[in-house]
Amino acid sequence: MLVFFAYTSNVLKPRTPTPLRQLPLTLFSNILSKKFLSQSTSIPKKQQRVRDHGYDNYMEVEKKTRKVLKFQSLILSQPSHTLPVSRFDSLARRLGLGFKQNQAGAYLLKFPHVFEIYEHPVQRILYCRLTRKALLQIEQEKDALDAQIPDAVTRLRKLLMMSNTGRLRLEHVRIARREFGLPDDFEYSVILKYPQFFRLYDAQETRNKYIEIVERDPRLAVCAIEKVREREYREKGFDAEDIRFSFIVNFPPGFKIGKYYRIAVWKWQRVPYWSPYEDVSGYDLRSLEAQKRMEKRAVATIHELLSLTIEKKITLERIAHFRMVMNLPKKLKDFLLQHQGIFYVSTRGNYGKLHTVFVREAYRKGELIEPNDLYLARRKLGELVLFSPRKAKVDSELVSYRRDREGDEMECVTRDYMENDFEDFGVECKVGQEGEGKDGSNSDFVSDIESHYIDESEDFDETIGEKEDTCVTE
């Protein structure tokens, strides 16, 4: 009985509740991250760059062209436009082109269509000068640059309107003058020549020169992407709400696009933003919605900056010069890699030390879709650089071989002509002249043949005259 009472008392005794064991907070965070990370519908901040070989190959040609331009400037800086080959080594090291001893002269031999090496008739040393094709290309580029000065004035006005204060440092514009199609003396030929648009002044605090716009023109405050949207809306009939704030997105081959990333891009395309030409100093930028708008405005600003260039590309380091005045983010490279469907960042061209930014919609298969005259003139230099030196050597040898061979053939033809008739020889001359008229070529080979024909015919007339004189005397 006592045993039963003790057992029942223990069973009926109220038990104190045992405290639950607290799980670590990191475990909850890991569970939540694994569950919702793949379902995130926002563009990730850091992405790995996917290469596009079309743009990289373009920059490989640009790397060779950049060195060739430096050598051209050295030659053209001389009064006689010639330079001894031995001086290229010291000048190349002074410019920091990365050549070792006796490598600069050998580098010139790789581009026989641009540089011509010859022996000086008096000093008997090797000299270098530009070829006729290279001089024609320089003249054509100069004419195209002078013809588009009014367009360059418009581009500079729009560039100044994109800044917060309406002014830019003169040195920053000078560094990027080639990209924006400005001449070397643009300070005098553009800024001081158009005082109704630009004002040049010196800052007393920093002692730097600044370019300031005189008056903002609302007719110029139209972005290039807005014209593209209007064209897409009229030609393809897209929904106005879908295309109102969207950009043309074309991802590089091999870029992995998941379902949630596609949704994130779809949501980002519909985020409204302020125009790069609009003054945002009076807005409250502390809210999350304002930060999203400013982020997309930075994309539109870089897009418009690249659209103002001649080749629709510019280096990342030169974009950084305008970062403060255009409200661009600090980490520009990571920011551009978030939008690889709009921009492409190439590391080719200077051994990975230079980053070049392209607008993807402006290029197709490594070529500009809407080329201009200045772009075409610059591309001709790239064509001269890409011409094979072996082909140039073979062509010169082939021309000399043909000259010698044709000279031997002409001697045989002259002997046969002396024995036979003069009509066959005249027919051959006519055929050669007709072939030249059809082809329209003025090669040295054809001119040498014609001169050889004329010389042989004159010699033949003299021999015939001598024979007739001897016959008469007899």
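Residues numbered from 1 in each chain as written. Predicted model: local features only at pLDDT ≥ 70, side-chain atom pairs only at ≥ 80, totals over all residues. Heavy atoms only, no water.

Notes on the overall build of the chain
Logical step 1: Across its full length, the chain carries 19 helices and 11 strands.
Logical step 2: Within the chain, buried positions represent 38% of all 474 residues.
Logical step 3: Residue pairs at least 24 apart in sequence account for 65% of intrachain contacts in the chain once pairs closer than 6 positions are excluded.
Logical step 4: Accessible surface, the chain as shown: approximately 30,200 Å² in total, 54% of it carbon and sulfur. (Helix = DSSP H or I, 4+ residues; strand = E, 2+ residues; numbered from the N terminus. Buried < 20%, exposed > 50% of the residue type's maximum accessible area, 1.4 Å probe, protein only. Contact = heavy atoms within 4.5 Å. Areas by Shrake-Rupley, 256 points an atom, 1.4 Å probe, with all protein chains shown as cover.)

Focus: helix H12 (residues 259-269)
Logical step 1: Within H12, the full set of buried residues consists of Tyr-261, Ala-264, Val-265, Trp-268 and Gln-269. Projection of H12 onto a plane perpendicular to its axis shows the buried side chains occupying an angular sector of 135 degrees, all on one side. Opposite the buried face of H12, at more than 90 degrees from it, the exposed residues are Lys-259 and Arg-262.
Logical step 2: Looking at the buried side of H12, the elements it contacts are helix H13 (288-307). (Arc of directions from axis to C-beta.)

Notes on the sheet that holds strand S3 (residues 126-130)
Logical step 1: Strand order in the open sheet formed by three strands is S1-S3-S2, with antiparallel pairing between adjacent strands. With one partner strand each, in any of the chains shown, strand S1 (83-84) and strand S2 (115-119) form the two edges of the open sheet.
Logical step 2: Across five bridges, S2 lies against S3 in antiparallel orientation. Its bridge partner lying in S3, Tyr-118 is registered against Tyr-127. (Pairing = 2+ DSSP bridges.)

Here we look at helix H6 (residues 132-147)
Logical step 1: For H6, built from 16 residues, the straight-helix expectation of 22 Å at 1.5 Å per residue is met to within 8% by its first-to-last C-alpha distance of 23 Å.
Logical step 2: Where H6 is concerned, the buried positions are Ala-134, Gln-137, Glu-141, Ala-144 and Leu-145. In an axial view of H6, the angular spread of the buried residues amounts to 100 degrees, which keeps them on one side of the axis. Pointing more than 90 degrees away from the buried face of H6 are the exposed residues Arg-132, Leu-136 and Ala-147.
Logical step 3: Those residues of H6 that are buried are in contact with helix H3 (53-76), S3, helix H7 (149-161) and helix H16 (373-386). (Expected span 1.5 Å × (residues − 1).)

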